[in-house]
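Residue-level structure breakdown
Listed here are the chains, written in short residue letters.
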Amino acid sequence: MNLHPVIVGGGPAGMAAAIELATHGVHCTLLEEAPRLGGVVYRGPLRDGVSLDYLGPRYSEALNKLHGEFQRYAGLIDVRLNHRVIGAEGFKALMLLNADEQLREVSYSHLVLAAGCHERSVPFPGWTLPGVMLLGGLQLQIKSGAVKPPGPVVIAGTGPLLPLVACQLHASGVAVAGVYEACAFGKIARESLALLNKPQLFLDGLSMLAYLKLHRIPVRYGWGVVQANGEGELDIVTVAPYSSTWEPDLERAEQVPAQTLAVGYGFIPRTQLSQQMGLEHGFIDDGYLRAVSDAWQQSSEAHIHLAGDVGGIRGGEAAMLSGRIAALSILMQADLLDCSTALEYRDRYRAQLDRIIRFRAAVDRYTQRGAGQTALPTADTVICRCEHATRADIDRALEQGVQDMASLKMRTRVSMGDCQGRMCVGYCSDRLRQATGRADVGWLRPRFPIDPIPFSAFQNVGTEALRHD
């Protein structure tokens, strides 16, 4: 067969898939929309010579190991940076915007979708103020080595990323005013046994808490954000203790001076491309969509594989393992690896992956969002930034009997802007599921192009064959 695999996404999943293919002598093409490989986790500094000592030796070791192994096989990997996939033509071709901002159709024999994830947005009064940002975006800033946020910084949300970023910020010289974890400490403690599936990560978490205590950075469990205030930019963050279902106790609210508020409530699989292709999808327990794959990372189309967070949020190490398994499947389909050998490799990777999945399940349980969080926005709080739809607009549509996402979109214009619902879909889905009592209220299927493109891109539209002799 004429083998020309294409990988979409140059993060840890895509890089690992390319390495595994190259290990067996197979050329591939890797499409990455950013100017550097590694994804958000392992992209490294934007400029050479920048030291990231404040991120810790373990991070530097993992980053250097991944990029070093990738470099050893660089001759077999055709890396296309600044190439953004904006749509698909069935199950055999992609439409992309290349580095010269020209549209090209790209064919493939096998595809690995390693599109990653994007952050979950949680609306509250003041969340659109300058100085309020998502936690992953702030971490990308400090990992790039290009800019640091102004302090003091308040970190609020839920999950293991909160203390990690707090430590990294402080080590880089930024003042941290406090960390506010919405989950109660007892609920986290009950997951200790499951968290020990990754003992090093568990110990790292304890050492981070010790670091924060040593440097007198308060960590408050069962507390969360209520609102952000400021004249033109952030200067005060209001926080309060949360109930078990995350309703804030406003009588005990406190105001914390801050120039930056980093809010982190986890991530959502980036399914825009997999949806547009028509692959099979299912819902995660918290109501978010993910693409479905089997034990070989095969999607509902056997020659299209899923790797990394597009199939569910599990982190960088799991992403690399799933990328390698996807590559093994391609090698087996192309008769370059016999079934027994491929199965032996897969089982080895799968054993490591299963431990991460058990660890991640514990994290998912304690970070499960409380229903009270959807009540944080006031009537005039903007929910959809693109179309300026407010909570009052959402409330009115629900009162009028709207039952699903498609109807809510038509009634309020949510998701009709450039981001196609990336910012507002989470809140809208939560509200609909609460109002209807149904787990499945539909999803917003993306339209072509997935991302905005310049009119000049339509000049000299062509086909780019990514085949290797």
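Above: the structure in question.
First things first, this report covers the structure right here in the doc. (Residues numbered from 1 in each chain as written. Predicted model: local features only at pLDDT ≥ 70, side-chain atom pairs only at ≥ 80, totals over all residues. Heavy atoms only, no water.)

1. What about the overall build of the chain?
Across its full length, the chain holds 14 helices and 23 strands. A globule of 469 residues ought to have a C-alpha radius of gyration of about 23 Å, and the chain, at 22 Å, matches this closely. In terms of overall dimensions, the chain has C-alpha extents of about 70 × 50 × 40 Å along its principal axes. In the chain, which comprises 469 residues, the share counted as buried stands at 53%. A separation threshold of at least 6 residues defines the contact pool for the chain, and within that pool the share at least 24 residues apart is 67%. When the accessible area of the chain is evaluated, it comes to approximately 20,200 Å², of which 51% is carbon and sulfur surface. (Helix = DSSP H or I, 4+ residues; strand = E, 2+ residues; numbered from the N terminus. Rg over C-alpha atoms; globule rule 2.2 N^0.38 Å. Buried < 20%, exposed > 50% of the residue type's maximum accessible area, 1.4 Å probe, protein only. Contact = heavy atoms within 4.5 Å. Areas by Shrake-Rupley, 256 points an atom, 1.4 Å probe, with all protein chains shown as cover.)

2. A closer look at the sheet that holds strand β11 (residues 176-181)
Ordered in space as β9-β16-β10-β11-β12, the 5 strands form an open sheet in which the pairing is parallel. Strands at the two margins of the open sheet, each flanked by one partner only, are β9 (132-134) and β12 (219-221). Strand-to-strand, the axes of this sheet are offset by a mean angle of 20°, without reference to chain direction. Bridge analysis of β9 against strand β16 (residues 260-264) gives 3 bridges, and the strand direction is parallel. Counterpart to Val-132 in the pairing with β16 is Leu-261. (Pairing = 2+ DSSP bridges. Axes fitted to C-alpha atoms, helices over the stretch in contact; angles between N-to-C directions.)

3. Regarding the packing of aromatic side chains
Enumeration over the complete set of coordinates arrives at 6 aromatic pairs. With a centroid separation of 6.4 Å and 50° between ring planes, the pair formed by Tyr-180 and Trp-223 is classed as tilted. One end of the pair, Tyr-180, is in strand β11; the other, Trp-223, is in strand β13 (residues 223-229), with 43 residues separating them in the sequence. Assessed through its relative accessible area of 4%, Tyr-180 is described here as buried. Geometrically, the ring pair formed by Tyr-242 and Trp-246 is tilted, given 6.0 Å between the ring centres and 45° between the ring planes. Here Tyr-242 and Trp-246 have matching classes, each one buried. Sitting over the face of the ring of Trp-223, Arg-220 holds its NZ or CZ atom 3.8 Å from the ring centroid. Residue placement shows Arg-385 over the ring face of Trp-127; its charged tip is 4.3 Å from the ring centre. (Phe/Tyr/Trp six-rings, centres within 6.5 Å; stacked < 30°, edge-to-face > 60°. Lys NZ or Arg CZ within 6 Å of the ring centre and 35° of its normal.)

4. Focus: the nonpolar core
Formed by 39 residues in total, the largest nonpolar core has its most connected members in Ile-7, Ala-18, Leu-21, Leu-30, Phe-70, Ile-77 and Val-112. Mapped onto this core, the elements with two or more residues apiece are α1 (12-23), β2 (28-31), α3 (57-72), α10 (316-333) and α11 (339-366). When neighbours within four sequence positions are excluded, Ile-7 is seen to be in contact with Gly-14, Ala-17, Ala-18, Leu-21, Cys-28, Thr-29, Leu-30, Leu-31 and Val-112. Trp-127, Val-132, Trp-223 and Tyr-265 belong to the second largest nonpolar core, which has 23 residues in total. (Core = buried A, V, L, I, M, F, W, Y, C linked by side-chain atoms within 4.5 Å.)

5. Structural notes on the packing of helix α4 (residues 135-144) against helix α5 (residues 161-171)
Two numbers describe how α4 lies on α5: the axes approach to 11 Å, and their chain directions differ by 30°. As judged from the angle between their axes, α4 and α5 are roughly parallel. Classified by chirality, the crossing of α5 by α4 is left-handed. Contact residues: Leu-135, Leu-138, Gln-139 and Ile-142 in α4; Leu-161, Leu-162, Leu-164, Val-165, Gln-168 and Leu-169 in α5. Within the contact of α4 with α5, the residues separate by chemical class into 8 nonpolar, 2 polar and no charged. (Parallel < 35°, antiparallel > 145°, perpendicular 65-115°, else oblique. Left-handed = near helix turned anticlockwise from the far one by under 90°. Nonpolar A, V, L, I, M, F, W, Y, C, P; charged D, E, K, R; others polar.)

Note that all results are geometric; they support no functional claim without further evidence.
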